[in-house]
Amino acid sequence: MAEMKVTPWEVEGPVDYDRLIEVFGVKPLTEDLIRLTGKYAGEVHLLLRRKVFYAHRDYDVFLKRYGDKEPVALYTGRGPSSKVHLGHLVPWIFTRWLQERLGLELYFQLTDDEKFLYHRDYTLEYTNSMAYENLLDLIALGFDPKKTFVIVDSEDIAYLYNIALRVAKKITASIVKAVFGFTDSTNIGMYFFPSLQIAMCFLPSTIRNEKVLVLIPAAIDQDPYWRVARDIASSLGYPKPAQIHSKFLPGLGPGGKMSSSRPETAIYTTDSPEAVYRKIMNAFTGGQPTAELQRKLGGNPDKCPVFTYYSMLFEPSEEKLSERYRRCKAGEILCGECKRELAERVAKFIEGHQKRRERARDRIEDFLIRTKVSIRK
Ligand code: TRP
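Residues numbered from 1 in each chain as written. Predicted model: local features only at pLDDT ≥ 70, side-chain atom pairs only at ≥ 80, totals over all residues. Heavy atoms only, no water.

Student: For this particular structure, what's the right way to read the packing of aromatic side chains?
Tutor: Two aromatic rings are characterised by how far apart their centres lie and by the angle between their planes. Inspection of every chain in the model, using the stated rule, returns 23 aromatic pairs. Geometrically, the ring pair formed by Trp9 and Tyr118 is stacked, given 5.8 Å between the ring centres and 15° between the ring planes. Here Trp9 is found in the loop between strand E1 (5-6) and strand E2 (11-12), whereas its partner Tyr118 is found in helix H6 (residues 112-118), with 109 residues between them in sequence. Judged by its relative accessible area of 15%, Trp9 is buried. (Phe/Tyr/Trp six-rings, centres within 6.5 Å; stacked < 30°, edge-to-face > 60°. Helix = DSSP H or I, 4+ residues; strand = E, 2+ residues; numbered from the N terminus. Buried < 20%, exposed > 50% of the residue type's maximum accessible area, 1.4 Å probe, protein only.)

Student: What am I meant to see in the pairing of strand E5 (residues 72-78) here?
Tutor: Looking along a regular strand, one sees the side chains alternate between the two faces of the sheet. Counting buried positions along E5 gives 6 out of 7 residues, so the element sits mostly inside the fold. Of the pairings in the sheet, the one linking E5 to strand E6 (residues 106-110) comprises 5 bridges and is parallel in character. Looking at the pairing, Gly77 lines up with Gln109 of E6. As for the winding sense of the linkage, the β-α-β connection from E5 through helix H5 (residues 86-102) to E6 is right-handed. (Pairing = 2+ DSSP bridges. Right-handed = clockwise from strand over helix to strand, strands pointing away.)

Student: For this particular structure, what's the right way to read the sheet that holds strand E4 (residues 53-57)?
Tutor: The strands making up a sheet associate through backbone hydrogen bonding, with each pair oriented either parallel or antiparallel. If you trace the 7 strands from one edge of the open sheet to the other, you get E3-E4-E9-E8-E5-E6-E7, paired in mixed fashion. Each edge of the open sheet carries a strand with a single partner, namely strand E3 (27-28) and strand E7 (148-152). Here E4 runs beside strand E9 (residues 242-246); their pairing, made up of 4 bridges, is antiparallel. Residue pairing for E9: Arg57 is matched across the bridge by Gln243. Against the sheet, helix H7 (residues 124-140) makes contact with E5, E6 and E7, and its axis sits at roughly 165° relative to E7, the strand it touches most. (Contact = heavy atoms within 4.5 Å. Axes fitted to C-alpha atoms, helices over the stretch in contact; angles between N-to-C directions.)

Student: Just to check I follow, could you spell out a nonpolar patch on the surface for this structure?
Tutor: Nonpolar side chains collect at one region of the surface, where Ile157, Tyr161 and Leu165 lie side by side and expose about 240 Å² of accessible area between them. Structurally, Leu165 can be placed in helix H8 (residues 157-168). Its relative accessible area of 39% is what places Leu165 among the partly exposed residues. (Patch = residues over 30% accessible without salt bridge, like charges linked within 9 Å, V, L, I, M, F, W, Y side chains within 5 Å. Areas by Shrake-Rupley, 256 points an atom, 1.4 Å probe, with all protein chains shown as cover. Salt bridge = Lys/Arg side-chain N within 4 Å of Asp/Glu carboxyl O.)

Student: What am I meant to see in the environment of Pro8 here?
Tutor: Relative to the helices and strands, Pro8 resides in the loop between E1 and E2. Through-space distance from the C-alpha of Pro8 to that of Ala219 is 9.3 Å; in sequence the pair is 211 residues apart. Those residues in contact with Pro8, other than ones at most four positions away along the chain, are Phe180, Asp221, Gln222, Pro224 and Tyr225.

Student: Explain the domain arrangement of the protein chain to me, please; I cannot follow it from the model alone.
Tutor: Frequently, the measure chosen for interface size is the accessible area removed from exposure when the parts meet. Partitioning the protein chain into structural domains gives domain 1 (5-250) and domain 2 (263-358). Averaged C-alpha coordinates put domain 1 and domain 2 at centres separated by 29 Å. Counting residues at the interface gives 21 residues for domain 1 and 24 residues for domain 2. Summed over both sides, the interface between domain 1 and domain 2 buries roughly 1,900 Å², with carbon and sulfur atoms accounting for 64% of that surface. Looking only at domain 1, the three residues that lose the most surface to domain 2 are Arg50, Leu86 and Pro250, adding up to 32% of its buried area. Here domain 1 is connected to domain 2 by 4 salt bridges. One salt bridge connects Arg357 with Asp137, and the closest N-O pair in it is separated by 3.0 Å. Where domain 1 packs against domain 2, one counts 14 residue pairs in polar contact (both at pLDDT 80 or more). Broken down by secondary-structure element, the contributors of at least two residues to the side of domain 1 that touches domain 2 are helix H3 (46-49), H5 and H7. Broken down by class, the residue content of the side of domain 1 that touches domain 2 amounts to 14 nonpolar, 1 polar and 6 charged. (Domains from an automatic or database assignment. Buried area = accessible area lost by both parts, 1.4 Å probe. Polar contact = N/O pair within 3.5 Å; in protein donor to acceptor, adjacent residues only side chain to side chain. Nonpolar A, V, L, I, M, F, W, Y, C, P; charged D, E, K, R; others polar.)

As structure tokens, this is what we get:
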């Protein structure tokens, strides 16, 4: 079996999430923290309840600050290398919920520069156009334009540059080599880039001219940036950014996260209903090779991406989810039926999302930082 590899640019093999907690030195999310979130938010989001968001750094500190009415904000982002698929939506759905429930500002970074630098064949025109395409998906999820500030790196660099300079001066080449695995053949753009993703952690403090602690809801592969950010924050006079880390939505094939490098195993927000059905009906499952064996031996929902889609996104009811789990294991439900039901739900979701996504086209300006905040040094 392929070895696990989790970096900000590559995720491979079956991911051992408990091991990542140790390797990255983060903390598991506790029931107490989930309960406290529920107290402030008035409900507990499914992604917390089901531990899709499962690890953190200083999430307790963030909640305490929030409870004490000290300044806090949200920060997350997207590297626009491709169209958006369902996996990308997971942290955004949760972030939107936090924004609404806790009434927080969100700072959102589109790193068209990063994706241009990283991918040999991508032009800056391509990654920049993807940034705006991806922004439509973000807007479609229902973020509040009054509280959302989107930065497109290649165009809005003046908001970040002075902070990034101060950040960059604290980071040596040997640090980024060790943390990100850069080598002597990595281009020098990549060596500077982490200072931009890190600078965003401190932008809310600069804009609001007070010490704003940011909480970063994101998939766990981004953790290396936050390690470096936290190391240098105090020396620059900023609070250490806090993180809440999610697992990945699996692809529809056997093992690994949903990835644009395997398009038949990823469901894009722009897919047609036919494509959604085709991809899901062809999905790998935890089922037996034949219906007869399935009835006799039952399936394995713990190893099944189809079941994971229900648990991460498409089955809100706890009772119905555990009933599906039980029936799968008992061989009472066959994979075909389970996949067809999922395809229906996904297609319905995508249809609504596509309508909201089209309506977002005339609302882009309302979300861009440059249309509402003046640059501060
Ligand atoms: N590097 C991220 C990516 O490749 C993009 C990004 C920038 C990001 N800032 C972020 C992701 C903050 C999560 C949180 O997708």
